[in-house]
Structures are given as C-alpha cells and as structure tokens.
Amino acid sequence: MESITLEKLANLIGGTPLGSFDLQLSNLQDSKECDEHSVCYLKDKKFIDTLSSNAGAVITNQELADQLTEQNLIVVDDPYLAYAGASKVFFQKYNNENDSTESVFGKNVIIGQNSVVNSNCQIGNNVVIHDNVSIYSRTKIGDNCIIHSGTVIGSDGFGYAPSTDGWNKIEHLGGVEIGKNVEIGAKSAVDRGALGNTIIEDGVKIDNHVHVAHNSFIGENTAIAGQSGMAGSVKIGKNCQIAGQVGIVGHIEIADNVIVMAKTLVTKSLNEPGVYSGVMPIQKHKESLKFIAKIKNDG
Amino acid sequence: MESITLEKLANLIGGTPLGSFDLQLSNLQDSKECDEHSVCYLKDKKFIDTLSSNAGAVITNQELADQLTEQNLIVVDDPYLAYAGASKVFFQKYNNENDSTESVFGKNVIIGQNSVVNSNCQIGNNVVIHDNVSIYSRTKIGDNCIIHSGTVIGSDGFGYAPSTDGWNKIEHLGGVEIGKNVEIGAKSAVDRGALGNTIIEDGVKIDNHVHVAHNSFIGENTAIAGQSGMAGSVKIGKNCQIAGQVGIVGHIEIADNVIVMAKTLVTKSLNEPGVYSGVMPIQKHKESLKFIAKIKNDG
Amino acid sequence: MESITLEKLANLIGGTPLGSFDLQLSNLQDSKECDEHSVCYLKDKKFIDTLSSNAGAVITNQELADQLTEQNLIVVDDPYLAYAGASKVFFQKYNNENDSTESVFGKNVIIGQNSVVNSNCQIGNNVVIHDNVSIYSRTKIGDNCIIHSGTVIGSDGFGYAPSTDGWNKIEHLGGVEIGKNVEIGAKSAVDRGALGNTIIEDGVKIDNHVHVAHNSFIGENTAIAGQSGMAGSVKIGKNCQIAGQVGIVGHIEIADNVIVMAKTLVTKSLNEPGVYSGVMPIQKHKESLKFIAKIKNDG
C-alpha cells in the first residue's frame, strides 16, 4: 500500500508529530499488534503494557505521550477521535488499492439469484450462497460453507467516536474470515473488523437473525442459535452452544465448551466450561406484577 | 389529492354521517393534528381533550358523538375498525396520486446492486445505499446518510383492528423521514407511519437488526445498538444511547441523554436523563434455578 | 419418488438392516406419521409409544431394536446421526424429483423487484410479495397474503447431529405452508420443516424480524410482534398475541387465546388461556445493581 509520512498523517488528523517526521506509515493497526510500518492509537494508560514493542508510531494524548518518550508519536487532544480521523485516511488508501481486485471463486460454487459478491473476496470450493445475500469486499469464505438467503457479511461495525458535533464514523479497515464447513442461516449479519478481521472458525453453525459484531472471534464448532447477538471484540471458544436470543456484551471472552441458555445476557467473561443462564421465569402476569412490586419495595 | 364527501366516506365504511354531508375530505389524519380538510378517528374519551379544534370530521362511536355536538361526524360501532376501513379508502387515493411520481436523487449518490428505491422518494447528496436494500415509496433520506445491505425502509407498520372475522389491516398512509448524517446498519427495518411519518433526526446512528416501528421519532444524535427494537409511536430524545437487544413498548417517551443498558425492556416513559437497566444476572444455571424456585415460593 | 431398498439405505448410512432387505422406502418421515413406504428414526424409548403402527422401517439403536422385534429396522450406534445421514440420501432424491417443477402463480400476484420464487412453489391469488424477498422451493402461500421486503421463507432449519468430528447437517425435506390472509413483515424468516412442513394458518399476522423455526405451527389469527422468535417444533394455538422480543423454546405448545407480554421467554407449555409475562423491571441502574447483589448474596 502507498504509505504516508508521520508528519502528513499528523496534519490530516490535527495532531502534533513527535519523532521521525519522515517515517513512512502504511497501515493503521491495533496497538497490540502494531508493526514498524504502522501506526496505532492509545487512549488509556491501561493499554500501555500491551502496546506492541515495535509500533511504528502511536496516536495518543499528552499525558500518555509523557510515558512514551522513545516512541514516534502524534499527540492529540482525543486519541479515539483522532483514530476515527486516521481510519478515514487509511480507508481511502485501502479502497484505492484493494477494491479493484477481482474476487476468486473455488470449484462448484453455487450463487443464488440477486446475491452480490463484492471485490477482493475469496470463496472456497463447494460453497452455496443462497438468494439475496450481500457479501462486502475483503470477505474470505472457506470450503463447503452454506450461506442462507438475505444474510450480510462484511458490513461496517457500529463504531463512532463521540465529539462535540456528534458521532464520528470509524471506517472499518478489516474484513471477515470464515473457515470451512460453516453454515450461516437466513438474515444474519457478520460485521467486518475495524482493525484486523472478524473471524469465524471451521465448523461453526449460526442460525437466523444472528448479529456477529466487528472483530468478534468464534471458535471451532461453536453453534449460535437464532436472534442471538454479540457486541464488538467478543471472543467465543470452541464447541460452545449459545442458545437463542442470547446477548453478549463487548470485549469479553467465553471459554471452550460453555453453554449459555436462551435469552441470557452475558455481561462478563465466562472462564470455565459449564451451563449458564439468567432469565426471569414466565408466570401468569399477575404473579409477575407481585414480584416486580417486591423488588421495588426492597430497593 | 382528490377528495371524498363526508357522506360518501360514511357509506364506504358503514357509518352514519352527521353534519355537512357534502364536506370534502382529502386526508385521514391523527386526531391531534387534523385540519379542516381532513377526517380523524376518536375511539376513547381520553383523547377528546387533545382533539384538534378545527378537525374537518371525526369518526367516532355514539357515546363520544354525544359530546361532540358541533362537529361533523361519522358515527360507527367500532371507531378503530372504521379507521382501518377509512385507511383503505385513502390508501387507494394516495397511491393513485403519489406512486407514479419519480424519485429525486441528490449528487454523488451511490446505490449498490439489487437495491430498490420505489416511487416518490427523495435521496439527498452523498448518500450511500449498499446492496440489497429495499426502500418503499415516500421515503426521504437526508445528505451523507449510509444505509447498509439488506435494510428495509418504509415497510408497513404492524397495525390491525380486531374484528369478529380476524385482523383488519390498517393501511399505512405516512412515510419515513430520515435526516442528515444518519447511518443505518445491515438488516434493520424502519416502518412507515400510519398517519404522519416515522422520523429519524440528523446524526442518528442505528446498528444491525434494529426494528424501528411505525410513527417512531428518534431525536438527534441518538445511537441504537444491534437487535434493539421499539413498538409503535415511541418518542426517543436527543443524544440517547440505547444498547443492544433493548425493547421499548409502544407510545412512550424517552427524555434526552438517557442511556438504556443492554437487553432492558423499557415499559414506561423515562422522563429524566440517567442510566437505566433491568436484566437478570447471568449465573451458573443451578444458581439460576434456585433463584427461580425462590420467586415461585414467594409468589 | 424413486425409492431405495432397506438394505441399500442401511449401507449408505452405515447401519445393519434387519427384516425385509428388499423393502422399497420412498420417504423419510417423522416416527409418529411414518407410513408403510417410509422410514423413520427413533432415538429414545420415550418415543416408542407414539411410533406409527405401520412404519415401513425404523432407524434405531440396538437397545430399542430389542423392543421392536416385528419391525423392519436399520440398527446403528447413534440414531440421530444416522438420521442426518438418511436426510442427505432423501434430500438428493427429493431435489431430483421436485426442483425442476415450475411454480404456480394465482391471479393478480404482485412480485417486487429482486424477489426470488424458487421451483415448486404455489402462490395464491392477490398475493403481494414486496422487494428483495427470498422464497425457497416447496413453499405454498395462500390467497391475499402480503410478504414484506427482505423476508425469507423456506430456509433450512437449524438442525445438526453432533458427532466426534463436529456438527452433521440434517437436510430439511419439508417445506412451508402459509394459509390465506397472512401478512409477514420485513426481514422475517420462516424456516422449512425437517420432516413435514412448517405451517402458518389463515389470518396470522407476523411483524418484522420474527424468526419462525422449522416445523413450527402457528394457529389461525395469531399475531406475533417484532423480533420474537421460536425454536423448532413449537405449536402455537389460535388467536394468540405474542408481543415483541418474546422467545419460545423448542417443542412446546401454547393454547388458544394466550397473550405473552413483551420480552418474555416461554420455557414450558402454556396449557390455559391468559396473560403471561416474566421480565425484570427497568430501574435506575444503581437500583438494578442493588437487586443483583441481593440475588447473589441469597444464592
């Protein structure tokens, strides 16, 4: 990819460059994985310990900059907002480079009517894509996958940096990687990664109306039932069973062999295998009202 | 629009006209906003106080008619069922008039593959509509909006009047109005208004699989995360954050700057800013079972 | 349909035939309804009592085989996994026979742009199918139905048999039968039956984003609001009202005239009419936290 200098990027996002002004930056990456040709952002000191040791440059605020004295920096008031700005710069570059690339299709691929496969995708052998499916650019689908009608793969994640004039869109530079023998039901949506890919491993089965947010990771042979959804950057282990209408909040991890029962909200990491639940029991409505009154009196 | 006389409308919906039989009625409107050329319906005395003072005519029952002695009326047994009938009369007229009108597109509009924009829509400048999007007639989309794949805008709301032979469809005469800088994720649905429009203000961000029902109003810069949904005629203020899988029952209001946490059901109006929640905690399933037994014993 | 002998089927699914090796089997059916030309599977002794008395053959394990001494059998280690195998055999046959059959359309049918009706469907009179709708093969839709944009009818159910090398797909041999005067909102999904059809009776109204799983049965004039969903083989009676975001677990029955309030999870059969609910009340988040702490202390 065409690169940009530290100084030029700093100018574009309204920051102050510190260090090698002429450093060529070709990518925007996550702070944990940032390589010497890339820039990342750091918005909180709790992430300093996991900052990649050979990051090319870091977008951060003055307070954190004082602790990163040996690093090439772009100092800004609000690193997350500056990251949104940088995402736009690199998005333009990515698009110029990638999106003219034709997609690659394996053998025996069946694509239904009115389905769309955008540029720069890789579709494996024996894949069946039913009707009215939308596949955004930079999606990889492994062998023997089945994608049911109306499903969307590669849509932008729900990411915005707040600012005084509203929400600033974070462009999503990552893609989606789907392993082999994966089936995805009708009307599900798998968002692309913001930085790095959303990953669905081999043998995963996903039902209808499931929402897989940006940068999620779903381990081998995990099954997720209808209308369940997860927020961004969730990591689910192997051989899990997530029942229907389950919600999973962002940035948590679920161990291998976990079963989450229907409609439960997973609000914290689940580090050991087992069966989890958390749902109010159904009752005659007048019984429910008594219970609700009790909670409020106890409150 | 071509108009219809009070008498003719009364005949079509099986009611008794009272007042000026020759009054020309050109619209069916909400009772609060009904103008002198329009007809509305009134099914409950609690709405009498907010009835527009210059409504052309009112479809109502005998009991309420006795209190509306100076009004042109159509008296029926079941005003709501008669409203369903009237909606069909005016729907036909609206369609004849409006649906031959071509849509208007701004500059730099990008429309993906297999997306449909029906008649009489207005699409602003720099709008991006991804693939397989369905936009019904009478939808307005402001500048700089992004609509992701598989989303539907303008579908009919879920409105039926019960009768002895089942559900009677209420035709939806309103449309959808979307402001500037709005982004709507993949596979969401925004229903058109029944009477008047469903309105999404500037800067609103909506994630995947969100259900915006008929006649909802979503205030400026409010963000709504994945798989949340609202019933009809909900009003949400500005700068709210509605997390994922939240439900909002019909006809309630949420103040500005309210945050509703994931999976909460909003059952009443929230009149002051703040953070709200209401979800059972996740536990090992055997712990959940103990809790459920306790509720039932206490009941 | 072209048939297969007991012996050949046993070979294909890795089982041992017992009885008339030359018996011609033309269908795979549910054990309750299996006729003399068909084969079914039995995985648990609790289903022995409801086994059809004239089933052609039964796929089962050694333990159950010992109780079915007068029956033609295919004895296997894991009947459910063998059923998955048999579903693949019959799926191929069904497809060869059925899927070259053209669909039949009634009078005054309107089909929107980019909507797909696959082979061997029957669409009644006055049906309106909006844009970007996907209808799989072997779907019947009765007169006067309305299907809104982006809805999918006939997608495969979420059914897999677990095995040591992951999930084995169960091919869905059934279809979908929709009665008259049914309306289905935008972005809903109705899965086809595994064995036998998914059935939606006359006058049913279904809102947006609803998930109707395989082999569900929805009785006359029942209304189901947005984002509700059910797991497989649920039977809902007539004139029920299922509010939004309700979940219904698999294999249960709901009586006629039941109302289930919003967001409730139905975990057991509801045998009498009435209003049911089960949802945590919304509170200021700090109040919710107190309640959660209390549950955990009591646990």
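The rules behind each value
- Residues numbered from 1 in each chain as written.
- Chains lettered and ligands numbered in written order.
- Predicted model: local features only at pLDDT ≥ 70, side-chain atom pairs only at ≥ 80, totals over all residues.
- Helix = DSSP H or I, 4+ residues; strand = E, 2+ residues; numbered from the N terminus.
- Buried ≥ 20, exposed ≤ 12 C-beta atoms within 10 Å, placed from the backbone.
- Contact = placed C-beta atoms within 7 Å.
- Nonpolar A, V, L, I, M, F, W, Y, C, P; charged D, E, K, R; others polar.
- Pairing = 2+ DSSP bridges.
- Least-squares fit on C-alpha atoms with pLDDT ≥ 70 in both.
- Arc of directions from axis to C-beta.
- Core = buried A, V, L, I, M, F, W, Y, C linked by C-beta atoms within 7 Å.
- Domains from an automatic or database assignment.
- pLDDT = per-residue confidence, 0-100.

Here the focus is the overall build of chain A. If you tally the helices and strands in chain A, you get four helices and 35 strands. Its C-alpha atoms give chain A principal-axis dimensions of roughly 65 × 60 × 35 Å. When each of the 299 residues of chain A is scored for burial, the buried share is 56%.

A separate point is the interface of chain B and chain C. Contacts between chain B and chain C engage 40 residues on the former and 39 residues on the latter. Broken down by secondary-structure element, the contributors of at least two residues to the side of chain B that touches chain C are β16 (152–155), β18 (166–169), β33 (265–266), β34 (274–277) and α4 (285–298) of chain B. If one sorts the elements of the side of chain B that touches chain C by residue count, β34 of chain B sits on top with four residues. Considering only residue class, the side of chain B that touches chain C consists of 18 nonpolar, 17 polar and five charged. Bridge count between β34 of chain B and strand β35 (residues 283–284) of chain C: two bridges; the pairing is antiparallel. Note that in β35 of chain C the partner of S277 of chain B across the bridge is Q283 of chain C.

Below, the discussion takes up the relation of the copies chain B and chain C. The operation linking the two copies of the chain is a rotation about an axis combined with a translation along the axis. Superposing chain B onto chain C takes a rotation of 120° combined with a translation of 0.0 Å along the rotation axis, leaving an RMSD of 0.0 Å. Taken together, the rotation and translation relating the two chain copies correspond to the operation of a three-fold axis.

In this complex, chain C contributes 40 residues to the contact, which on the side of chain A involves 39 residues. Looking at the side of chain C that touches chain A, the elements that each hand over two or more residues are β16 (152–155), β18 (166–169), β33 (265–266), β34 (274–277) and α4 (285–298) of chain C. Counting residues per element, the side of chain C that touches chain A draws most heavily on β34 of chain C, at four residues. For the side of chain C that touches chain A, the per-class residue count stands at 18 nonpolar, 17 polar and five charged.

Residues and elements named next belong to chain B. Every buried residue of helix α1 (residues 6–13) is accounted for by L6, L9, A10 and I13. What you see down the axis of α1 is that its buried residues fit within an arc of 100°, all on one side. Within two residues after α1, G14 carries a phi angle of roughly 70°, on the positive side.

This next bit is on the sheet that holds strand β7 (residues 73–75) of chain C. All names here are of chain C. Here we have five strands laid out as an open sheet, ordered β2-β7-β6-β5-β4, and mixed in their pairing. Each of the sheet's edge strands pairs with one partner strand only, and the pair in question is β2 (16–18) and β4 (27–28). Pairing of β2 with β7, which is carried by three bridges, proceeds in the antiparallel orientation. Along β7, the bridge assignment pairs T16 with V75.

In terms of nonpolar packing, the biggest core is built from 165 residues, with V260 and V266 of chain A, V260 and V266 of chain B together with V260 and V266 of chain C touching the most fellow members. Setting aside its immediate chain neighbours within four residues, V260 of chain C contacts I242, A243, V246, V266 and Y276 of chain C.

Turning to the sheet that holds strand β19 (residues 176–178) of chain A, a few remarks are in order. By way of backbone hydrogen bonds, the strands of a sheet pair with one another, either parallel or antiparallel. Reading across from one edge, β8-β11-β14-β19-β22-β25-β28-β31 (chain A) is the order of the eight strands in this open sheet, with parallel pairing throughout. Two strands lie at the open edges of the sheet, namely β8 (104–105) and β31 (253–254) of chain A, each paired on one side alone.

Moving on: the domain arrangement of chain A. All names here are of chain A. Entries for chain A in the domain assignment read domain 1 (4–98) and domain 2 (104–276). Spacing between the C-alpha centres of domain 1 and domain 2 amounts to 28 Å. At the junction of the two partners, domain 1 supplies 13 residues and domain 2 supplies twelve residues. Among the elements that make up the side of domain 1 that touches domain 2, the one with the highest residue count is helix α3 (residues 79–98) (ten residues). When the residues that make up the side of domain 1 that touches domain 2 are grouped by side-chain class, the tally is eight nonpolar, three polar and two charged.

Glancing now at the confidence of the model for chain A. Close reading of the predicted structure is inappropriate where its pLDDT is low. Per-residue pLDDT for chain A has a mean of 96; in total, 98% of the residues score no lower than 70. Scored as a whole, the predicted complex attains pTM 0.97, and scored at its interfaces, ipTM 0.96.

Residue and element names in this part refer to chain A. Of the strand pairs in this sheet, strand β17 (residues 160–163) and strand β18 (residues 166–169) are connected by four bridges, and their pairing is antiparallel. Its bridge partner lying in β18, Y160 is registered against K169. Count of turn residues in the β17/β18 antiparallel hairpin: two residues.

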